[in-house]
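Listed below, chain by chain, are the residues.
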Amino acid sequence: MIVAMQENATEEQIDAVIDVMLESGVNVHRTTGAMQTILAAVGPTAGLDLSKFEVLPGVLNVHRISAPYKLAGRAFRPHGTTIEFPNGAVIGGEQVAMIAGPCSIENHDQIFAIAASVKVAGGKFLRGGAFKPRSSPYAFQGLGIPGLKLMREAADVNGLATVSEVMEIAQIEAMLPYVDCFQVGARNMQNFNLLRELGQVRKPVLLKRGIAATIEELLLSSEYILSGGNYDVILCERGIRTYETATRNTMDISAIPVLKKLSHLPVVADPSHGTGRRDMVAPMAKAAVAAGADALLIEIHPNADKSVSDAAQTMYLEDFARLTAELRTIAQAVGRTL
Ligand SMILES: [Mn+2]
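Residues numbered from 1 in each chain as written. Predicted model: local features only at pLDDT ≥ 70, side-chain atom pairs only at ≥ 80, totals over all residues. Heavy atoms only, no water.

Glancing now at the sheet that holds strand S7 (residues 97-101). What the 8 strands build is a closed barrel, ordered S7-S8-S9-S10-S11-S12-S13-S14; its pairing is parallel. On average, each strand axis in the sheet is inclined to that of its neighbour by 25°, with strand direction left out of account. Against the sheet, helix H4 (residues 145-157) makes contact with strand S8 (125-127) and strand S9 (161-165), and its axis sits at roughly 160° relative to S9, the strand it touches most. Against the sheet, helix H10 (residues 278-290) engages strand S13 (267-269) and strand S14 (295-299), with an angle of about 170° to S14. (Pairing = 2+ DSSP bridges. Helix = DSSP H or I, 4+ residues; strand = E, 2+ residues; numbered from the N terminus. Axes fitted to C-alpha atoms, helices over the stretch in contact; angles between N-to-C directions. Contact = heavy atoms within 4.5 Å.)

The strand order S2-S3-S1-S4 describes an open sheet built from 4 strands, whose pairing is antiparallel. Both outer strands of the open sheet, strand S2 (27-32) and strand S4 (59-63), are each paired with one neighbouring strand and no more. Taking the axes of each pair of neighbouring strands and ignoring which way they run, one obtains an average angle of 20° across the sheet. When S2 meets strand S3 (residues 37-42), the two strands line up antiparallel, connected through 6 bridges. Considered in S3, the bridge of Thr-32 is made with Thr-37.

On to the nonpolar core. Ranked by size, the top nonpolar core spans 68 residues in total, and within it Leu-126, Leu-148, Leu-198, Leu-296, Ile-298 and Ile-300 carry the most contacts. Excluding its chain neighbours within four sequence positions, the residues that come into contact with Leu-296 are Ala-97, Met-98, Ile-99, Val-268, Ala-269, Pro-271, Ala-285, Ala-288, Val-289 and Leu-327. In terms of nonpolar packing, the next biggest core, distinct from the first, is built from 17 residues, Met-1, Met-5, Ala-9 and Leu-48 among them. (Core = buried A, V, L, I, M, F, W, Y, C linked by side-chain atoms within 4.5 Å. Buried < 20%, exposed > 50% of the residue type's maximum accessible area, 1.4 Å probe, protein only.)

Glancing now at the side chain of Gln-110. Among the structural elements, Gln-110 can be located in helix H3 (residues 108-120). With residues near it in sequence (within four places) discarded, Gln-110 still touches Pro-102, Ser-104, Ile-105, His-301 and Pro-302.

Now for the packing of helix H7 (residues 215-226) against helix H8 (residues 255-262). Relative to each other, H7 and H8 sit at 50°, their axes nearing to 11 Å. Judged by the inter-axis angle, H7 sits oblique to H8. The interaxial crossing formed by H7 with H8 has right-handed handedness. Counted together, Ile-215, Leu-218 and Leu-219 of H7 and Ala-255, Val-258, Leu-259 and Leu-262 of H8 form the full contact between these two elements. Its residues assigned to classes, the contact of H7 with H8 shows 7 nonpolar, no polar and no charged. (Parallel < 35°, antiparallel > 145°, perpendicular 65-115°, else oblique. Left-handed = near helix turned anticlockwise from the far one by under 90°. Nonpolar A, V, L, I, M, F, W, Y, C, P; charged D, E, K, R; others polar.)

Below, the structure is given as structure tokens:
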């Protein structure tokens, strides 16, 4: 942490700031310039509350120079994390993983048709919602465990791994037999009790960025899972809320290289929720692969217009097959496979 003093700060003010820093348990290195004094804190700075120093008399501004997250930081595993699944699929390796499925699991025929098309397209992951966090309590809430059973069967028949959203702690145990990866949705990114509990689970967690969360907040949320001993976390960029209304959310492609630089965790891009529009999913998926995404999460449905949830952003199976083929060329151009 660096504390920059104002140019006219008095010696008393500087001493007072140094005292507060020392009381916080860090060592202080002082640099006295011709115009300005800079105080650098060395030691256990991760837990320091910067605002405590910002309000002290004579302080101009305060910066953090080491990340407040430790286990999620790139330095913890400089070569990156790869996560292996029971079906042999890997996320975080050279191959870009395709995770696809319906927004909601609806019935046997729907999920089996989708699973078959994911397999044909070369995807290794089937993702479907059984517990749906809907903005309206009157909207379809999902099939629950019976839905997960259907998805598990459809996945096993096609050699796919399964991903589904967990909304509360009580669902974790019931979901364990059916999911290979727990998804934490954007609305739950800061449900710290749920994150802590998932830290105790020994299955990968796909953590979505909240619609109004900074990248640092996403990484701090992942730290809750990692600090429980579950190191298999996948970060997901799924669009954030901005002033733009042309798309459902604003797909933050730049978050992908930023996350890859700051963290060793694999990054998945969700252009379906990122844009909310079927016609925008393909271009954003391509951009995400070019930007270094380790996986894509795409909503697909044999009768997309009739999808019970998120119909506008759901792709038809034929369009998904075409997109996957096109993505292969892009993956190759950036030194990946798909
Ligand atoms: Mn959805």
